[in-house]
Amino acid sequence: MAEAKLLSSGSTLEIPIEGMTCASCVVRVEKALRSVEGVSSANVNLATGRATVALGSASVDPRALTEAVRTVGYDPVGSQVELAVEGMTCASCVGRVEKALKRVPGVLDASVNLATERASVHFVGGPDMIGRLIAAVEQTGYEAREIRTGGDQADRQQAAREAELAGLRRSLLLAGLLTLPIFALEMGSHFIPGVHDWVMNTIGHRESWYLQFALTTLVLFGPGLRFFRKGIPALLRLAPDMDSLVVLGTSAAYGYSVVATFFPGLLPQGTANVYYEAAAVIVTLILLGRFLEAKAKGRTSEAIKRLLGLQPKTARVLRDGQAVEIPLDQVLAGDVVQVRPGERVPVDGTVMEGSSFVDESMITGEPVPIQKAEGAEVVGGTINKTGSFTFRATRIGADTVLAQIIRMVEQAQGSKLPIQALVDRVTGWFVPAVMAAAALTFLVWLVFGPEPALSLALVNAVAVLIIACPCAMGLATPTSIMVGTGRAAELGVLFRQGDALQSLKEVGVVALDKTGTLTKGRPDLTDFVTAPGFAEDDILRLVASVEGNSEHPIAQAIVEGAKRRGLSLARPEGFEALPGFGVSAMIDGRKVDVGADRFMTQLGHAVTEFADTANRLGSEGKSPLYAAVDGRLAAIIAVADPIKPSTPEAIAALHALGLRVAMITGDNRRTAMAIARQIDIDEVEAEILPDGKVDAVKRLRQGGGKVAFVGDGINDAPALAEADIGIAIGTGTDIAIESADMVLMSGDVRGVVNAIALSKATIRNIRQNLFWAFAYNVLLIPVAAGILYPINGTLLSPILAASAMALSSVFVVGNALRLRRVEAPIKASAAAAETTRPAEGLA
């Protein structure tokens, strides 16, 4: 649970409120707000829909205010803002920014992500809140700006990242050029006798130190100045971070060397040594680590970049009868847009004229282009393959499917998993603990170490400060989430909530709604068997002609089945409908009767001729119909909602993962059990009304383990919300499903298997990162402190410590990037296209 954010006494707070309609509403809300302890006054303006709350002598939790409004039946409107935060380098920075934001009066919650360099803040208050939030971040020593939605937002973010990378590259190159001669002079003199002799005979011992002093000063207060700008203010605020550790370590080495160079008499005999190379190399190596880390972090958001890249910059719109190419942000809902072969569809809409095949694989993951004709929905960002068409824009800007996908992925990438709570607790005290460990190391070596004790104490304390940077811990979770959710989006799986990544792998039961999830969701003509002496196409044409006037789904399925065979229908004469029995009509002078077995019995036709076929259909959960022509039983017909071709494969894969599979349906138990036998369902909840699905989910949960419910996201919303993981089947044009934790864009149940595989891979990756980050610090801090020295004389140079520290962060980010190569266990195939259009023939 988030910590309480208290409003200080004497401050005021504005709360937007929905649902107020009259003066009595105002009185009720004011009374509720004034009842909260610490509120001195509350004034509600009905016209603006806002309450202004003044606080008295006590401090108030803003959640108490919002809860008081809810208690009397109104809705306080919380706002959400995304801030870009610059300057964060490690997990302690994250904790510091979060605490600063949560202290701002009116903030309900704040979450900061190191990998995305974003803060997501939920608050109540007026328009001035964003300025106060930015100020709070800046007072903590970082820079912040509001992230606004807009067409050029991605370009601005990309430009900012490129500028950061370019700045780091320049600093690294300059630091490297200045450090190289320092390293060569000092370390070369130690390890290569010829270099030592050359320095002594040409430059001179003391002059060599002067040169190292000059070059190191340029390194520290040139490229290395960024560490001092952040680290020193953090130290003064008694809130040290990674930059503070670098500042302390390099300053100690540099300061000691300056004293040894210019005031050697102040040091004990034999301890006047210089460590300029340590200070310079540490800065250079940490800049190298930052550069590699920034470069790798940029790749973690490639999924978002690719999604943004799907959006064309312009659209061809008909204005005053002329086709005009305009920027995408100028397209209006209702505009008529032209699309030519090979172009991307600019926004969402409905086809008005023309036809084509459109590649929607980047949205749904399906590999087969979908035919689009008049009345069909098209999605912005998809690729028109062959023909040309015009469509009317229905969704633009932030309302398009692509914009919603990007928003979902960004929200998931910015969220925190429950596993992150441990990391946050540890890193909260980690930097102060490291400083204490460095101080203890210095004192122990100074008191108990061999000569030169002061020099050894300094070197080991600096090594502890440098090696213990918590960068890797801070990056371990968010980078994996970013890459994992981005890869999932590429496979057509959208995680709306980041914590669904962690919960999904703990699921024991997958419950699936039948209609539209396991099945195609529409009736189809599945069986048509004629009696001896009758031609199949001839009888189907007659039956479909009788059913042509009916709007009943079964009748329409028969008509569609005939049309797929290219049969031309005739106009019925003397049409007669007998409710509960069937229909009759004259077609081309022939009497045709279509209906249930009781209708045939009433007409005097014995249906026993089709007994075997009827039994087979019954075992498959299908209810047969019969047709009689000119007084003779001619055919048996079955219309059913067919199982999707991908369903059996998906259920087999779920079983292979050790999961129980349940089906929830409103069908009668006999039909439901027949379908369950066909596709190997473990448990069946049959004859369930829509409002009973929640209870069905609860019953399944009693068997043990978490329950994931898969439904269409509209009729199944209560069950999606009740389940531990709600998985909505998306259609590619209706994905804003607030009740679900995940959305399968393709409408293919196999996406559940892929989502579970991605969940397991991502959590496994996070655990690897956390193990490396924690193990690295646990093992190497004692080594840096000199614990091995009494055993085998091993000491860890500050230079090696800086190298290891940089490597740890790069390793964590690099390990997270491996998730980009995760392959779907079940890949979409051409068969998946069957879910979007009718079968070409009859079963």
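Owing to the predicted nature of the structure, the values given are computational and were not obtained by experimental measurement.

Would you mind going over a negative patch on the surface in detail, with residue names and values included?
There is a patch of like negative charges on the surface, built from E86, E138, E143 and E164. With respect to the helices and strands, the residue E143 is situated in strand β8 (residues 143-146).

Before we move on, can you summarise the sheet that holds strand β16 (residues 383-384) with the specific residues and values?
Across the sheet, which stays open at both edges, the three strands sit in the order β14-β13-β16 with antiparallel pairing between neighbours. Of all the strands in the sheet, just β14 (370-372) and β16 have a single pairing partner and so form its edges. The pairing of strand β13 (residues 356-359) with β14 spans three bridges and is antiparallel. Its bridge partner being in β14, F357 is matched across the sheet by Q371.

Account for a nonpolar patch on the surface, with residues named and values stated.
Together, L440, V444, L446, V447 and F448 give the surface a local cluster of nonpolar side chains, amounting to about 510 Å² of exposed area. Looking at the secondary structure, you find V444 in helix α14 (residues 420-448).

Could you give an account of the pairing of strand β22 (residues 582-587), naming the residues involved and the relevant values?
The element β22 is extensively covered by neighbouring structure, given that five of its six residues are classed as buried. Taking the residues that link successive antiparallel strands as the turn, the strand β21 (residues 573-578)-β22 hairpin has three residues, and the phi of G580 there is positive, at about 85°. Pairing between β22 and strand β23 (residues 590-595): six bridges, direction antiparallel. Note on β23: the bridge partner recorded for I587 is R590. In sequence, β22 turns back onto β23 through a hairpin of two residues, with D588 there showing a positive phi of about 55°.

Could you give me a rundown of the UniProt feature "transmembrane region" (unreviewed entry) in the chain, with the residues and numbers involved?
According to UniProt, the positions carrying the feature "transmembrane region" (unreviewed entry) are residues 171-189, 209-225, 245-267, 273-292, 426-448, 454-477, 770-789 and 795-817. Between the first and last C-alpha atoms of residues 209-225 the distance is 22 Å; the span itself is 82% helix and 0% strand. Helix makes up 85% of residues 273-292 and strand 0%, with an end-to-end C-alpha separation of 33 Å.

Which residues make up the sheet that holds strand β15 (residues 377-378), and what values go with them?
Strand order across the open sheet formed by six strands is β10-β9-β11-β17-β12-β15, with antiparallel pairing between neighbours. Looking at strand neighbours, the two that pair on one side only are β10 (322-327) and β15, the edges of this open sheet. Two strands pair when backbone bridges link them, and strand β9 (residues 314-319) and strand β11 (residues 336-339) are joined in this way by two bridges, in the antiparallel orientation. Following the sheet pairing, R316 is matched in β11 by Q338.

So what's going on with the packing of helix α15 (residues 453-467) against helix α27 (residues 750-785)? Residues and values would help.
α27 packs onto α15 with a crossing angle of 165° between their chain directions and a minimal axis gap of 8 Å. Taken together, the axes of α15 and α27 lie roughly antiparallel to each other. Where α15 crosses over α27, the two elements pack in a sense that is right-handed. Contacts from N460, A463, V464 and I467 of α15 reach α27 at Y776, N777, L780, I781, A784 and A785. Tallied by class, residues from the contact of α15 with α27 come to eight nonpolar, two polar and no charged.

How would you summarise the nonpolar core if you had to cite specific residues and measurements?
Ranked by internal contacts, the top residues of the largest apolar core, which has 134 residues, are L101, L133 and M742. Looking at this core, the element that brings in the most residues is α27, giving 14 residues. When residues of this core are sorted by domain, at least three fall in each of domain 1 (11-147) and domain 2 (157-305 + 437-471). Beyond its immediate stretch of four places on either side in the chain, L101 contacts L83, V107, A110, V112, A119, V121, L133 and V137. With 38 residues, the next largest nonpolar core counts A531, L625, Y626 and I636 among its residues.

Quick notes on the rules
- Residues numbered from 1 in each chain as written.
- Predicted model: local features only at pLDDT ≥ 70, side-chain atom pairs only at ≥ 80, totals over all residues.
- Heavy atoms only, no water.
- Patch = residues over 30% accessible without salt bridge, like charges linked within 9 Å, V, L, I, M, F, W, Y side chains within 5 Å.
- Areas by Shrake-Rupley, 256 points an atom, 1.4 Å probe, with all protein chains shown as cover.
- Salt bridge = Lys/Arg side-chain N within 4 Å of Asp/Glu carboxyl O.
- Lys, Arg positive; Asp, Glu negative; His and termini not counted.
- Charge placed at Lys NZ, Arg CZ, Asp CG, Glu CD.
- Helix = DSSP H or I, 4+ residues; strand = E, 2+ residues; numbered from the N terminus.
- Pairing = 2+ DSSP bridges.
- Buried < 20%, exposed > 50% of the residue type's maximum accessible area, 1.4 Å probe, protein only.
- UniProt positions renumbered as here; feature names shortened; annotations may be inferred.
- Axes fitted to C-alpha atoms, helices over the stretch in contact; angles between N-to-C directions.
- Parallel < 35°, antiparallel > 145°, perpendicular 65-115°, else oblique.
- Left-handed = near helix turned anticlockwise from the far one by under 90°.
- Contact = heavy atoms within 4.5 Å.
- Nonpolar A, V, L, I, M, F, W, Y, C, P; charged D, E, K, R; others polar.
- Core = buried A, V, L, I, M, F, W, Y, C linked by side-chain atoms within 4.5 Å.
- Domains from an automatic or database assignment.

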